[in-house]
Amino acid sequence: VSVDLKRFEKDLFSIDTNRFAPGFLKLQNDYPVFSDIIFKNVLGAYDPRIAPEGPENYMRGFIAAPVVRKLYDTCQIVFKDFSPIEKQFSGAFKFIKYYFPQRRLPTLTTFISEYSLAVFIYGKGDLGVGLDFFLGSKYPYASINYENPNFSNYLTRTYNKDHLVSKTLMALVDDWVGEVPPRERLLDHMIQNGKKLYVLRKLLPDTPDSVIYEYSKEQMAWLKKNESNVWSFFTSENLLYNEDYQKIRKYVEYSPNAPGMPKEAPGKTANWIGECIISAYMKKNPNMNFETLLKQNDAQKILEISKYRPKRN
C-alpha cells in the first residue's frame, strides 16, 4: 500500500523570502485545506492581534526567524531519511484495508508549528503530523517553557520517532471510535479507550506494547505482573461506576502516576485494563468485525459478555 506523503514544512521553508508573495500564494493553492488550517488556526497568521502586518508578512518573518529556522533545520536532520517511517505507515495501512475495507486511507502531511500541535485530522480524515513533537526524548523540550505541562518528563519521553506512527494513528482511531457515550463512568471511559488501544494494536502488530500504551518497559512489565491487583483496586475502591471525572481523570488521561496505587503504577491504567476487557470480549465474539465493535457502546454489556478475569501471577 503506497503512502501519500506531503512535506508541507519543506515547501514552506523553501520559499524565497525575497519573492515571498508568489511562493506563499502557490503554497496555499497546493495545500488549500491544510494551509488554511495551519495559517489561520495553528499559527494565527490571519489574526490581527498576532499578525497586524498581515499573513504574508507574518509568515515571511516566521520562516526567517532564527529560532524557527533552527527548529526546521533540526527536523530535517532528525527526519533526513523518512523511508523507515513511511514503511511503518504502509504496513499499518495494509491492516486498515484489511480490518476497515470501506474506509479511505489518509494522506499524511508533515509540518512544524513551533510546538503548537503534534497531530490533527483534517478534510476527509487526512492527518497532519507535527515533526517538532518527535525530535527525541533528549531534545530540550523542558527548556522551551518550564511551566508548560506538555513538556513534562513523563510526556516528552515519548516525543520521538519510535512513537510517531502510533501517536498519529491513534488520532485517527480516536476519531473513528468517537466520544465516550453519556454517563461517563470510569467503566465507560475504560471500554471506549480500550477499543482504541485494541484497534491500534491490531494496526501495528509488530510495534512493542510499551510504544502502543506509551509506558516505559518497566511500567509495562509492572502492569502485566499486577493485572489482577489493578483490577481489584478499581473494584474494591468502587471506581468502576464513579462519574466524578476529577477523581477518575488520572486513570484515563496522561499522568505520571495512578492515585492510590504503588508508585510503579503509571497513569492511564484504566485504559490498559479496558483493552484487556475488549480483547476478552472479541475472543467471545470471533466473527465480529471491527466496524461492529466500534458501534458497541454499552460498557456494562461488553464487560459482562467478555467474562473478563485478570491473570493472577
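Computed from a predicted model, the values in this text were never measured in an experiment.

## Some words on the sheet that holds strand β2 (residues 108-111)
Then comes step 1: One open sheet holds the four strands; their spatial order is β1-β2-β4-β3, and the pairing between them is mixed. The strands lining the two open edges of the sheet, one partner per strand, are β1 (5-7) and β3 (119-122). If you compare each strand with its neighbour and ignore which way they point, the axes differ by 25° on average.
Then comes step 2: Where β3 meets strand β4 (residues 126-130), four bridges bridge the pair, whose relative direction is antiparallel. Its bridge partner being in β4, Phe-120 is matched across the sheet by Gly-128.
Then comes step 3: Across the sheet, helix α3 (residues 32-42) touches β2, β3 and β4, and the angle it forms with β3 is around 130°.

## Topic: the pattern of salt bridges
Then comes step 1: Per the counting criterion, the structure on display carries 16 salt bridges.
Then comes step 2: In this structure, the salt-bridge partner of Lys-268 is Glu-214, at a minimum N-O distance of 4.0 Å. Highlighted residues: Lys-268 in the loop between α13 (245-248) and α14 (269-284) and Glu-214 in the loop between α10 (209-212) and α11 (217-225), separated in sequence by 54 residues.
Then comes step 3: In this structure, the salt-bridge partner of Glu-264 is Lys-263, at a minimum N-O distance of 3.1 Å.
Then comes step 4: Ionic contacts of the salt-bridge type, sharing partners, join the residues Lys-167, Glu-214 and Lys-268 into one network.

## Remarks on the packing of aromatic side chains
In this description, an aromatic ring pair is defined by two values, namely the gap between the centres and the angle between the planes.
Then comes step 1: Inspection of every chain in the model, using the stated rule, returns 33 aromatic pairs.
Then comes step 2: With centroids separated by 5.8 Å and ring planes inclined at 50°, the aromatic side chains of Phe-79 and Phe-82 adopt a geometry described as tilted. Here the two residues Phe-79 and Phe-82 agree in accessibility, since each one is buried.
Then comes step 3: A centroid spacing of 4.9 Å and a plane angle of 80° characterise the contact between Tyr-98 and Tyr-99, whose relative ring orientation is edge-to-face.
Then comes step 4: We classify Tyr-98 as exposed; its relative accessible area is 61%.
Then comes step 5: When the ring centre of Phe-82 is taken as origin, the NZ or CZ atom of Arg-7, which lies over that ring, is 4.9 Å away.
Then comes step 6: Directly above the ring of Tyr-46 sits Lys-40, whose terminal nitrogen or CZ lies 5.4 Å from the centroid.

## Description of the layout of surface pockets
Then comes step 1: Reported here for the largest pocket is a volume of approximately 1000 Å³.
Then comes step 2: Around the largest pocket, the lining is made up of 36 residues, and of these Met-170, Asp-174, Glu-214, Tyr-254 and Lys-268 lie nearest the centre.
Then comes step 3: Those elements that provide at least two residues to the lining of the largest pocket are β3, α7 (153-156), α8 (161-177), α9 (186-203) and α14.
Then comes step 4: Residue classes in the lining of the largest pocket are distributed as 22 nonpolar, six polar and eight charged.
Then comes step 5: Taken as a whole, the second largest pocket holds about 460 Å³ of empty space.
Then comes step 6: Forming the walls of the second largest pocket are 20 residues, and the residues nearest its centre are Arg-201, Cys-276, Ser-279, Lys-283 and Lys-311.

## Description of helix α12 (residues 227-236)
Then comes step 1: Among the residues of α12, Glu-227, Ser-228, Val-230, Trp-231, Phe-233 and Phe-234 are the ones counted as buried.
Then comes step 2: Each element contacted by the buried residues of α12 is listed here: α9, α11, α14 and α16 (299-306).
Then comes step 3: One or two residues past the end of α12 sits Asn-238, with phi positive at roughly 55°.

## Some remarks on the packing of helix α2 (residues 20-30) against helix α4 (residues 55-64)
Between two packed helices, both the angle of their axes relative to each other and the distance between the axes serve to describe the pair.
Then comes step 1: α4 packs onto α2 with a crossing angle of 95° between their chain directions and a minimal axis gap of 10 Å. For the element pair α2 / α4, the angle class is roughly perpendicular. Touching Phe-20, Ala-21 and Phe-24 of α2 are Pro-55, Glu-56, Met-59, Arg-60 and Ile-63, all from α4.
Then comes step 2: Looking at the contact of α2 with α4 residue by residue, the classes come out as six nonpolar, no polar and two charged.

## Here's the deal with empty space enclosed by the protein
Think of a ball as big as a water molecule: rolled over the atoms, this probe shows where empty space is left.
Then comes step 1: The full count for this structure, using the stated rule, is one cavity of 30 Å³ or more.
Then comes step 2: Of the voids in this model, the largest cavity is the one considered here, and its volume is about 30 Å³.
Then comes step 3: As for the largest cavity, its lining consists of Pro-181, Asp-188, Ile-191, Gln-192, Gln-296, Asn-297, Asp-298 and Ala-299.
Then comes step 4: For the lining of the largest cavity, the element with the highest residue contribution is α9, accounting for three residues.
Then comes step 5: Of the residues that constitute the lining of the largest cavity, the class distribution is three nonpolar, three polar and two charged.

## Some remarks on the nonpolar core
Then comes step 1: If you look at the biggest cluster of nonpolar residues, it comprises 101 residues, and the most contacted ones within it are Phe-39, Met-190, Phe-234 and Tyr-251.
Then comes step 2: With nine residues, the top contributor of residues to this core is α9.

## Remarks on α4
Then comes step 1: Buried within α4 we find Met-59, Phe-62 and Ile-63. On an axial view of α4, the arc spanned by its buried residues comes to 85°, and they lie on one face.

What counts, and at which threshold
Residues numbered from 1 in each chain as written. Predicted model: local features only at pLDDT ≥ 70, side-chain atom pairs only at ≥ 80, totals over all residues. Heavy atoms only, no water. Pairing = 2+ DSSP bridges. Helix = DSSP H or I, 4+ residues; strand = E, 2+ residues; numbered from the N terminus. Axes fitted to C-alpha atoms, helices over the stretch in contact; angles between N-to-C directions. Contact = heavy atoms within 4.5 Å. Salt bridge = Lys/Arg side-chain N within 4 Å of Asp/Glu carboxyl O. Phe/Tyr/Trp six-rings, centres within 6.5 Å; stacked < 30°, edge-to-face > 60°. Buried < 20%, exposed > 50% of the residue type's maximum accessible area, 1.4 Å probe, protein only. Lys NZ or Arg CZ within 6 Å of the ring centre and 35° of its normal. 1 Å grid on protein atoms, 1.4 Å probe; cavity = no way out; pocket = protein on both sides within 12 Å on 5 of 7 lines; lining within 4 Å. Points joined across faces, edges and corners; volume = space filled by probe spheres on them. Nonpolar A, V, L, I, M, F, W, Y, C, P; charged D, E, K, R; others polar. Parallel < 35°, antiparallel > 145°, perpendicular 65-115°, else oblique. Core = buried A, V, L, I, M, F, W, Y, C linked by side-chain atoms within 4.5 Å. Arc of directions from axis to C-beta.

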